[in-house]
Amino acid sequence: MGNRRNFIKNVSLGTIGLSLISDSVFANENIKKITILHTNDMHSHIEPFKSGKYKGLGGMAQRASLISEIRKKEKNVLLLDAGDIFQGTPYFNYYGGELEFKLMSKMNYDAATLGNHDFDNGIDGLERQLKHASFPFLIANYDFKNTILKNRFNPYKVFYKDGIRIGVFGIGIELEGLVSKELYKETVYNDPIISSNYYSYKLKHELNCDLVICLSHLGYEYKSKKISDTVLAQQTRDIDLIIGGHTHTFLKKPKITTNLRNEKVIINQVGFGGINIGKIDFIFKQNKRDFNVKKSSIFVKKKKKTT
Amino acid sequence: MKSIFKLLLSQFLLLFLFSCSNEYQIVSNEYKVIEVKNEQDSTIIDIILPYKTQLDKEMNQIICYTKSELKKGKPESKLGNFVCDLSLLKADGMADICIFNNGGLRNIIASGNITVRDIYKVMPFENELVILDLNTKEYYDLLKYVANSGGEPIGGVNIIAKKDTIITAFNSKEIIRVLTTDYLANGGDNMKFFINKEQKKIGIKLRDAIINYCIEKDTIDIKIDNRLIFENGE
């Protein structure tokens, strides 16, 4: 728990905390660095913006070279997207999202979640494009069992990077009122807080993840009591980072809030249209004491079964 | 009993340790927002190119000419009038009036040549045209909605909104057939008078209706015709 508190303190130090750790420290096997890269609401912006406020920014060929540059410098990169890949340029109207998925696959995205606009050609339209995506879509609170998308998605995935276990799960927004029922058909929306608490607990305490990330399309914050990333962070227990979308919010820096255990949760979102990429580096330190405890945790599970 | 208690206690302790037993702990983090303005990755460009070439060919087609710039606006606008009137023509007598929302018209159309791309920019969504039958109460709610919002794209009817009264046609009609998009018909933009009403599809997307109309016409000359008047400073 002490380390957790140190983390909380260090978050506020931000860059200072990191710059104190020299390369020689990284040579130490006890220190690991994980780099999270993230996008949201790219809305079919294959090419850079041609006019307006964001003229010259974005573009998937440009994003790809930026990501390769980062991959050359960083050993452990996880590349994630928080949904609304579809809709916004004629590329989607003409090709139905095929090119978006192909290019994301080429960039080696590790996972994405579903946004409301990813239903714009219906669940059939989404299903047709899945063959072009080599990365998984994670969604924990949509139930597709009575639809064509049955068994096509997992709620979460655990990634192993340099000995660090990273659990990622996805949370979608309520579709009713936002997407016509003809498009989402029998897709059932489940409560984001209940789903998040269930899967974040599972990831952190049963699958022993060192970092738990929620890919969310709920939206950053609302004036009403509507469920948002901010509410989700405060009403859950085991999420370290929420990568958000939907509200196209340009955060200069992540928002830091506290969960039900009074531990810090980081929320980030980087606008829309592929204008920005978010980069969050986590530094981990090995906790030696825990080796024995882990063995006994297996023992606990076995015992439980026999009682 | 005692042994069960001991077992439970030991399990509780183990569970407690387990709950903070993750092998690695986060000790610090750093964040950065990076603007995407790099050089292009050539392998990605190679994938995009065939898609882009075909798309540009479609998008750059000139389909019409407009004498003036078409902008959206309140209470009444050239762009709103254009889109409503052509949609009513498309409905071919099946609807009495037409309503859209200013928020749904996403761009202006500059004076001069109109390309397919211009229409995609105005209407990027896949919204379909639908017709709903409104009773007089619901129709009055629709008029109030238009008056309260300061004007929305409307066609087929003239409205004069005074402080407490709305003067318009169709007051004596029992059923008013309203043409709109499925997005609005499903209650989008808070058009509550449409919720749970039966929707009759006319079988065309709004964007395609605009494109087809433009292809049929050589030149368009859209006017503001005072179909929407707000009095008493409304």
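Calculation rules
Every chain is numbered independently, its residues counted from 1 as its sequence is written. Going through the entries in the order they are written, you letter the chains from A and number the ligands from 1. Only residues with pLDDT of 70 or above have their local features reported here, since the model is predicted, and side-chain atom pairs are shown and tallied only from 80 upward, although totals for entire chains, interfaces and linings are computed over all residues. Calculated side-chain values reflect all of the structure's heavy atoms, with hydrogen atoms and water omitted. Under the DSSP-based scheme used, a helix requires at least four consecutive residues in state H or I and a strand at least two consecutive residues in state E, with every element numbered from the N terminus. Summary of the burial criterion: residues with accessible area below 20% of their type's maximum are buried, those above 50% are exposed, and those between are partly exposed, where the area comes from a 1.4 Å probe applied to protein chains only. By the convention used here, residues are in contact when the closest approach between their heavy atoms is within 4.5 Å. Residue-level accessible areas treat just the shown protein chains as cover; the underlying method is Shrake-Rupley with a 1.4 Å probe. A pair of strands counts as paired when DSSP detects no fewer than two bridges linking them. Orientation is described by axes fitted as lines to C-alpha atoms, over the contacting stretch for helices, and by angles from 0 to 180 degrees between their N-to-C directions. Roughly parallel refers to an angle under 35 degrees, roughly antiparallel to one over 145, roughly perpendicular to one between 65 and 115, and oblique to any angle outside these ranges. Classification used: nonpolar for Ala, Val, Leu, Ile, Met, Phe, Trp, Tyr, Cys and Pro, charged for Asp, Glu, Lys and Arg, polar for all others including Gly. Per-residue confidence from the prediction method is given by pLDDT, with values spanning 0 to 100. Only buried Ala, Val, Leu, Ile, Met, Phe, Trp, Tyr and Cys residues count toward a nonpolar core, and they belong to the same one when joined by side-chain atoms within 4.5 Å. Within 3.5 Å is the distance limit for a polar contact, defined as a pair of N or O atoms, with the added protein rule that one can donate a hydrogen and the other accept it, and that residues adjacent in sequence qualify only through two side-chain atoms. Pairing of aromatic side chains requires ring centres within 6.5 Å, counting the rings of Phe and Tyr and the six-membered ring of Trp. Pairs whose planes differ by under 30 degrees are stacked, by over 60 edge-to-face, and all others tilted.

Counting secondary structure elements, chain B contains seven helices and 12 strands. Within chain B, the fraction of its 234 residues that count as buried is 48%. Here the contacts in chain B between residues at least 6 apart in sequence split such that 81% fall between residues at least 24 apart.

What follows covers the overall build of chain A. When helices and strands are counted, chain A shows 11 helices and 12 strands. Here chain A, with 307 residues, has 61% of them falling under the buried criterion. Within chain A, contacts between residues separated by at least 24 positions form 76% of all contacts whose residues are at least 6 apart in sequence. Put simply, chain A shows about 13000 Å² of open surface, and 50% of that area lies on carbon and sulfur atoms.

This part is about the sheet that holds strand β6 (residues 154-155) of chain B. Residue and element names in this part refer to chain B. Taken in spatial order, the five strands of this open sheet run β6-β3-β9-β5-β10, and their pairing is mixed. Looking at which strands have only one partner, the edges of the open sheet turn out to be β6 and β10 (200-205). Relative to β10, strand β5 (residues 128-135) runs antiparallel, the two sharing three bridges. Residue pairing across strands places Glu 128 opposite Lys 205, the latter belonging to β10. Packed on one face of the sheet, helix α5 (residues 136-149) meets β3 (97-99), β5, β6 and β9 (175-181) and runs near 120 degrees to β5. Sheet contacts for helix α7 (residues 206-216): β5, β9 and β10; angle to β10, the most-contacted strand, approximately 55 degrees.

We now examine unusual backbone geometry. Comment: phi is negative for the bulk of residues other than glycine, and the bulk of peptide bonds are trans. B:Pro75 follows B:Lys74 through a cis peptide bond whose omega is -5 degrees. Relative to the helices and strands, B:Pro75 is located in the loop between β2 (62-66) and α3 (78-91). Within the chain, A:His43 stands out as a residue other than glycine whose phi angle is a positive 45 degrees. Structurally, A:His43 can be placed in the loop between β1 (31-39) and α4 (60-73). If you check the backbone angles, B:Asn226 has positive phi at about 55 degrees while not being a glycine. With respect to the helices and strands, B:Asn226 occurs in the loop between β11 (219-220) and β12 (228-230).

In this section: the sheet that holds strand β6 (residues 164-171) of chain A. Residue and element names in this part refer to chain A. Across the sheet, six strands lie side by side as β5-β6-β8-β9-β11-β10; this open sheet has mixed pairing. Where the open sheet ends on each side, the last strands, each with one partner, are β5 (156-161) and β10 (255-258). Direction aside, neighbouring strands of the sheet carry axes that sit 25 degrees apart on average. One ladder, built from six bridges, connects β6 with strand β8 (residues 211-216); its direction is parallel. Along β8, the bridge assignment pairs Gly 170 with Leu 215. On top of the sheet, helix α9 (residues 192-206) reaches β5, β6 and β8; it is set at about 165 degrees to β6, its chief contact.

A word on the packing of helix α6 (residues 98-106) of chain A against helix α2 (residues 42-59) of chain B. It is at 11 Å that the axes of α6(A) and α2(B) come closest, and there the two elements cross at 170 degrees. Comparing their axes, α2(B) and α6(A) come out roughly antiparallel. Packed against α6(A), whose contacting residues are A:Glu98, A:Leu99, A:Lys102, A:Leu103 and A:Lys106, the element α2(B) presents B:Thr43, B:Ile44, B:Ile47, B:Ile48 and B:Tyr51 at the interface. Residue classes in the contact of α6(A) with α2(B) are distributed as six nonpolar, one polar and three charged.

On a regular strand, one side chain projects to one face of the sheet and the next to the other, so that they alternate. In terms of burial, strand β12 (residues 276-286) of chain A is largely enclosed, as 10 of its 11 residues are buried. Across eight bridges, the pairing between β1(A) and β12(A) is antiparallel. By the bridge assignment for β12(A), A:Ile31 is matched with A:Lys285. Pairing analysis gives 11 bridges linking β12(A) to strand β1 (residues 24-35) of chain B, with the strands arranged antiparallel. Across the sheet, A:Asp281 pairs through a bridge with B:Glu30, a residue of β1(B).

In this section: the packing of α3(B) against α7(B). All names here are of chain B. Interaxial distance between α3 and α7 falls to 10 Å at its minimum, and their mutual angle equals 90 degrees. Comparing their axes, α7 and α3 come out roughly perpendicular. The residues of α7 that touch α3, namely those facing Phe 82, Val 83, Leu 86, Ser 87, Leu 89 and Lys 90, are Leu 206, Ala 209, Ile 210, Asn 212, Tyr 213, Cys 214 and Glu 216. A class-by-class count of the residues in the contact of α3 with α7 yields nine nonpolar, two polar and two charged.

Before going further, it helps to examine the confidence of the model for chain A. Taken over all residues, the pLDDT of chain A has a mean of 88, while the share at 70 or more is 84%. Overall, residues 289-307 of chain A carries pLDDT values under 50, and its contacts beyond four positions in sequence, including any with other chains, amount to 24 contacts.

Residues and elements named next belong to chain B. As for its placement among the helices and strands, Leu 70 is situated in the loop between β2 and α3. Between the C-alpha atoms of Leu 70 and Ile 154, which are 84 residues apart in sequence, the distance is 15 Å. For Leu 70, the contacting residues outside a window of four places in its chain are Lys 78, Leu 79, Phe 82, Ile 108, Ile 109, Ile 220 and Ile 222.

This part is about the confidence of the model for chain B. Residue and element names in this part refer to chain B. Averaged over all residues, the pLDDT of chain B is 89; the fraction at 70 or higher stands at 89%. Counting contacts from residues 13-20, a segment whose pLDDT is below 50, to residues more than four positions away or on other chains yields 15 contacts. Here the complex is predicted with pTM 0.80, and the ipTM for its interfaces comes to 0.84.

The next point concerns the nonpolar core. With 81 residues, the main nonpolar core has A:Phe101, A:Leu114, A:Phe119, A:Phe137, A:Phe153, B:Phe82 and B:Ile210 as its most contacted residues. Setting aside anything within four residues of it in sequence, one finds B:Ile210 in contact with B:Phe82, B:Val83, B:Leu86, B:Ile119 and B:Met123.

To continue, consider the environment of B:Ser149. Take B:Ser149: it is sitting in helix α5. A polar side-chain atom of B:Ser149 sits 3.2 Å from the main-chain carbonyl oxygen of B:Val146.

Here we take up α6(A). Burial in α6(A) covers these residues: A:Leu99, A:Glu100, A:Phe101, A:Leu103, A:Met104 and A:Ser105. Residues of α6(A) that are buried sit in contact with α4, β2 (77-81), α5 (90-95) and α7 (122-129) of chain A together with α2 of chain B. Residue A:Asn108 follows α6(A) closely and has a positive phi angle near 60 degrees.

Residue and element names in this part refer to chain A. Using the criterion set out here, one finds 26 aromatic pairs over all chains in the structure. Taking 6.2 Å as the distance between ring centres and 50 degrees as the angle between the ring planes, the aromatic pair formed by Tyr 109 and Phe 135 counts as tilted. With Tyr 109 in the loop between α6 and β3 (111-112) and Phe 135 in the loop between α7 and β4 (142-143), this pair connects stretches of sequence that are 26 residues apart. Taken as a pair, Tyr 109 and Phe 135 share a single burial class, namely buried.

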